[in-house]
Amino acid sequence: MTVDVTMTQAATTHKTPARTARKGEADGARTAAAPAAPRGDAAVRRAELAAFLRSRRERITPEQVGLPRGARRRTPGLRREEVAHLSAVGVTWYTWLEQARDIHVSPQVLDAVARALLLDRAERSHLFALAGSADPLPNTECTGVSPALREILDQLAPFPAVVQNSRFDILAYNCTYGQLMCDLDALPEEDRNCMWLAFTHPEWRASMVDLDATVRIMAAKFRASMAEHVAEPTWKALVARLTEASPEFREIWARHEVVRPVSAVKVFRHPRVGTLQLTATNLWAGPNPGPKVLAYTPMDEMSRERLAELEKIALAKA
């Protein structure tokens, strides 16, 4: 795949010779002029785009995208050349993009980069907005939840199971999880976030027997995870949305509590099958932190029977 890349001609002053850039391998080995010095809104946008791409690249491990780690890896996450390879674009061109160079990039290439970096829907939208480009596939989700992982979720039923990222976004789930705390299928995808639901959704909140303790622990886990993402727009946007919608969240968030994720017994109150006592287990889809499979197994025979009833309800609805 070749990509045409155009560079902005460097600004020159009266009687000053224009400087020419070295010949670059911009997906077609084209000779380009050195970019003008960054200025204005466009330069700020390019700098934000560069920082965003670096942060996304550094959070992904080689194992998540099927690449060998190697014995001498020092770079956190993926290398630039690995992202370029996965996106089928030139290494020099991708490097220029992370250097905030003034280059033009097509929507098709942005789509390839979004897929290579396993961006979720909010991150993908942010990428195209920073690039000033229209997303040709606005409903595309790049979560990295493979068909094989989705099949594993389905095979775990009647045990509820879900794939979450560290921001508590619900990326995929099986039928029993989809009915455990509310009807997830009936919610808009932008609301399928456990933090948002725990603080704002009446049915979700009613399902949690120890609501006060649960939401405090969730907020503390979220703050601990956010330590490595404090400057990222999608994390800040979720905090702002929760702060505006929930006085309870504002009060808890102001405490600055943090905890480490741990497995625990969860007690749910379902309106049709009754109380469920379940053990929550995290199964990391990649090295911690990252997307994880959260599976619930019954603590007792009564909960096991009630999970089977819940599965019947979910399958009848489907």
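Use the structure listed above.
Residues numbered from 1 in each chain as written. Predicted model: local features only at pLDDT ≥ 70, side-chain atom pairs only at ≥ 80, totals over all residues. Heavy atoms only, no water.

Visitor: Kindly report on the environment of R167, identifying the contributing residues and their values.
Guide: Position of R167 among the secondary structure elements: in the loop between β1 (161-164) and β2 (170-173). R167 sits 56 residues away from R223 along the chain, and the two C-alpha atoms are 9.5 Å apart. Excluding residues within four positions of it along the chain, R167 makes contact with D120, E123, N193, F222, T234, W235 and L238. (Helix = DSSP H or I, 4+ residues; strand = E, 2+ residues; numbered from the N terminus. Contact = heavy atoms within 4.5 Å.)

Visitor: Outline the pattern of salt bridges, supporting the account with residue identities and numerical values.
Guide: What the rule picks out here adds up to 18 salt bridges. Residues R57 and E98 are paired through a salt bridge, measuring 2.7 Å at the closest nitrogen-oxygen approach. Here E98 lies in helix α3 (residues 91-98) and R57 lies in helix α1 (residues 40-59), a separation of 41 residues in the sequence. Take R57 and E98: they sit in the same class, and that class is buried. Residue R205 pairs with E248 through a salt bridge whose shortest N-O separation is 2.9 Å. Remark: E248 occurs in helix α12 (residues 247-253) and R205 occurs in helix α9 (residues 202-207); sequence separation between them is 43 residues. Residue E248 is classed as partly exposed on the basis of its relative accessible area of 23%. Beyond isolated ion pairs, a larger network of salt bridges with shared partners links R56, R59, E123, R167 and D169. (Salt bridge = Lys/Arg side-chain N within 4 Å of Asp/Glu carboxyl O. Buried < 20%, exposed > 50% of the residue type's maximum accessible area, 1.4 Å probe, protein only.)

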